[in-house]
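Summary of structural features
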Number of protein chains: 2
Amino acid sequence: MSPTRTTSETAPVEALRLDRQLCFALYGAANRMQRLYRPLLDALGLTYPQYLAMLALWEQSPRSVGALGEALDLDSSTLTPLLKRLEAAGLVSRTRDPQDERRVIVTLTDAGAALRDRALTVPEQIFCQVGLPLDELTALRDKLKTVAS
Amino acid sequence: MSPTRTTSETAPVEALRLDRQLCFALYGAANRMQRLYRPLLDALGLTYPQYLAMLALWEQSPRSVGALGEALDLDSSTLTPLLKRLEAAGLVSRTRDPQDERRVIVTLTDAGAALRDRALTVPEQIFCQVGLPLDELTALRDKLKTVAS
DNA sequence: AGCGATTTAATCGCGTACGATTTAAATTCA
DNA sequence: TGAATTTAAATCGTACGCGATTAAATCGCT
């Protein structure tokens with residue numbers, strides 16, 4: 001009755017089991033979350049990371065690339081192309097800081113500021129699909145903030 | 001004493017605050033986790049998603065692309081190029097299933113199976129850096145599995 | 001003032017993710 | 001049986017992430 005041994009279900013090494021990995025749970029949840037947002041953000045003409053950048057800018061608008069990167073934990077090699085696309089979409093402007101020409105200042109355009117109104121319903125729509133009670137969601141979010149940071 | 005009004009800290013719309021978003025906590029934690037793994041996986045010659053694919057294959061080796069995609073929640077447009085790179089690295093072989101020529105069967109090579117030994121210490125090394133007690137890590141992992149799935 | 005060190009973005013290369021489409025093989029069923 | 005449908009992978013295009021490097025501006029120090 002021993003299983004056929006053509007497949008190598010090599011003696012379960014517990015430490016390496018996929019379903020035991022926090023990293024995989026995180027990876028999967030992050031991917032699924034992005035898929036959940038996609039249809040809503042498509043309607044706004046934003047990608048998921050662009051949406052996060054807009055959230056940051058809606059909170060505070062003239063910001064340097066560096067400050068934005070700090071807030072999002074992304075560096076300029078990721079942000080620069082993303083911001084150029086937001087600029088091409090007419091949502092932000094990018095100008096050198098006259099006080100310090102190394103810095104690039106990102107500012108919401110009127111269209112970028114206005115887009116916030118259309119984004120207002122997004123969080124609620126996502127919440128409904130996540131399927132966690134608010135208190136658990138909050139606890140999960142706060143626990144995630146402590147992971148490897 | 002009101003703040004200067006050149007910056008548009010537009011009246012805090014609670015629902016859109018970055019620090020309130022589960023999606024952003026997830027996004028950040030997933031990115032940070034990947035950065036944590038990078039130096040360890042570099043030593044194994046694997047990327048992070050490749051490592052996850054190898055975890056799945058170490059559990060069960062001849063698997064179709066579809067079955068692997070099911071396990072990882074990825075589709076063939078992501079997996080096919082990834083698996084071709086693992087094949088180029090000599091860790092897996094890819095062959096058409098003779099029983100059903102639509103299917104491609106992915107099998108660990110000897111080198112691929114052997115790599116598991118060198119991966120054995122990875123989970124422990126990561127655990128030390130994540131900074132969560134085991135019971136909290138387990139609870140977090142299991143909660144993540146329920147998110148949007 | 002001058003010059004090396006530092007800081008800030010941008011650039012480049014590689015490897016994902018994924019929607020949309022394509023190709024080929026297997027299956028259904030008229 | 002054979003045409004239409006379904007299924008499995010591959011292909012293609014777009015947009016990340018990020019390590020490594022580069023370029024330009026500023027700072028620090030004598």
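Residues numbered from 1 in each chain as written. Chains lettered and ligands numbered in written order. Predicted model: local features only at pLDDT ≥ 70, side-chain atom pairs only at ≥ 80, totals over all residues. Heavy atoms only, no water.

Turning to the overall build of chain A, a few remarks are in order. Secondary structure assignment for chain A yields 7 helices and 3 strands. Along chain A, helices (α) and strands (β) appear in the sequence α-α-β-α-α-β-β-α-α-α when read from the amino end. On C-alpha atoms alone, chain A measures out to a radius of gyration of 21 Å, which is more than a quarter above the 15 Å that the 2.2 N^0.38 rule sets for 149 residues. Expressed as lengths along the three principal axes of its C-alpha atoms, the size of chain A is roughly 75 × 35 × 30 Å. Put simply, chain A has 149 residues, and 44% of those count as buried. Partitioning the intrachain contacts of chain A with sequence separation of at least 6 by distance along the chain shows that 46% fall at a separation of at least 24. On chain A, roughly 7,700 Å² of surface is accessible, and the fraction owed to carbon and sulfur atoms is 53%. (Helix = DSSP H or I, 4+ residues; strand = E, 2+ residues; numbered from the N terminus. Rg over C-alpha atoms; globule rule 2.2 N^0.38 Å. Buried < 20%, exposed > 50% of the residue type's maximum accessible area, 1.4 Å probe, protein only. Contact = heavy atoms within 4.5 Å. Areas by Shrake-Rupley, 256 points an atom, 1.4 Å probe, with all protein chains shown as cover.)

As a further point, take the interface of chain B and chain A. By a frequent convention, interface size equals the accessible area lost on bringing the separate parts together. Taken together, the contacts link 60 residues of chain B with 60 residues of chain A. Summed over both sides, the interface of chain B with chain A buries roughly 5,800 Å², with 66% coming from carbon and sulfur. Joining chain B to chain A, the criterion identifies 4 salt bridges. Of all elements in the fold, only helix H1 (22-44), helix H2 (48-59), helix H3 (65-72), helix H5 (110-119), helix H6 (122-130) and helix H7 (134-145) of chain B reach the threshold of two or more residues within the side of chain B that touches chain A. For the side of chain B that touches chain A, the element with the most residues is H1 of chain B, which contributes 14 residues. Residue classes in the side of chain B that touches chain A are distributed as 37 nonpolar, 10 polar and 13 charged. (Buried area = accessible area lost by both parts, 1.4 Å probe. Salt bridge = Lys/Arg side-chain N within 4 Å of Asp/Glu carboxyl O. Nonpolar A, V, L, I, M, F, W, Y, C, P; charged D, E, K, R; others polar.)

Take the relation of the copies chain B and chain A next. You can overlay chain B on chain A at an RMSD of 0.0 Å; the transform is a turn of 180° with a shift of 0.0 Å along its axis. In short, the pair behaves as if placed about a two-fold rotation axis. Both copies share a contact surface, since 100% of the interface residues of chain B are interface residues in chain A too. (Least-squares fit on C-alpha atoms with pLDDT ≥ 70 in both.)

Looking at DNA strand D, there are 28 residues lining it, with Tyr27, Ser77, Thr80, Lys84 and Arg94 of chain B nearest. The share of sugar and phosphate among atoms of DNA strand D within 4 Å of the protein is 73%. Between arginine 35 of chain B and DNA strand D, the recorded distance is 2.8 Å, taken from a side-chain N or O atom to a phosphate oxygen. Elements represented by at least two residues in the surface near DNA strand D include exactly helix H2 (48-59), helix H4 (76-88) and strand E3 (100-108) of chain A together with H1, H3, helix H4 (76-88), strand E2 (92-97) and strand E3 (100-108) of chain B. Classifying every residue of the surface near DNA strand D gives 6 nonpolar, 11 polar and 11 charged. (Near = heavy atom within 4 Å. Polar contact = N/O pair within 3.5 Å; in protein donor to acceptor, adjacent residues only side chain to side chain.)

Residues and elements named next belong to chain B. Here E2 pairs with E3 via 6 bridges, running antiparallel. If you follow valine 92 over to E3, its bridge partner there is leucine 108. A loop of 2 residues connects E2 with E3, the two strands running antiparallel in sequence. (Pairing = 2+ DSSP bridges.)

Another point: helix H7 (residues 134-145) of chain A. Taking 1.5 Å per residue, 12 residues should reach 16 Å; H7 of chain A reaches 17 Å between its end C-alpha atoms and fits that length. Of all the positions in H7 of chain A, only Leu137, Leu140, Arg141 and Leu144 of chain A are classed as buried. Projected down its long axis, H7 of chain A carries its buried residues within an arc of 100°, all on one side. Looking at the buried positions of H7 of chain A, the neighbouring elements they touch are helix H1 (22-44) and helix H6 (122-130) of chain A together with H1 and H7 of chain B. (Expected span 1.5 Å × (residues − 1). Arc of directions from axis to C-beta.)

What follows covers unusual backbone geometry. We note that aspartate 73 of chain A has phi near 60°; this positive angle belongs to a residue other than glycine. Relative to the elements of secondary structure, aspartate 73 of chain A occurs in the loop between helix H3 (65-72) and H4.

A word on H2 of chain B. All names here are of chain B. For H2, with 12 residues, the first-to-last C-alpha span of 17 Å sits near the 16 Å given by 1.5 Å per residue. Taking burial as the measure, the 12 residues of H2 include 10 buried ones, the bulk of the element. Within the sequence span of H2, burial applies to Tyr48, Gln50, Tyr51, Leu52, Ala53, Met54, Leu55, Ala56, Leu57 and Trp58.

Our next topic: the nonpolar core. Met33 and Tyr51 of chain A together with Met33 of chain B are the most contacted members of the largest nonpolar core, which has 100 residues in total. Residues in contact with tyrosine 51 of chain A, not counting those within four places in the same chain, are Tyr37, Leu41, Leu46, Trp58, Ala119, Val122 and Pro123 of chain A together with Leu16 of chain B. (Core = buried A, V, L, I, M, F, W, Y, C linked by side-chain atoms within 4.5 Å.)

Turning next to the protein's contact with DNA strand C. Not every one of the 27 residues close to DNA strand C is listed here, only the nearest: Tyr27, Thr80, Lys84 and Arg94 of chain A together with Thr47 of chain B. Taking valine 65 of chain A, its main chain carries an N or O atom lying 3.4 Å from a phosphate oxygen of DNA strand C. Threonine 47 of chain B places a polar side-chain atom, nitrogen or oxygen, 2.6 Å from a phosphate oxygen of DNA strand C. Those elements giving two or more residues to the surface near DNA strand C turn out to be H1, H3, H4, strand E2 (92-97) and E3 of chain A together with H2, H4 and E3 of chain B.

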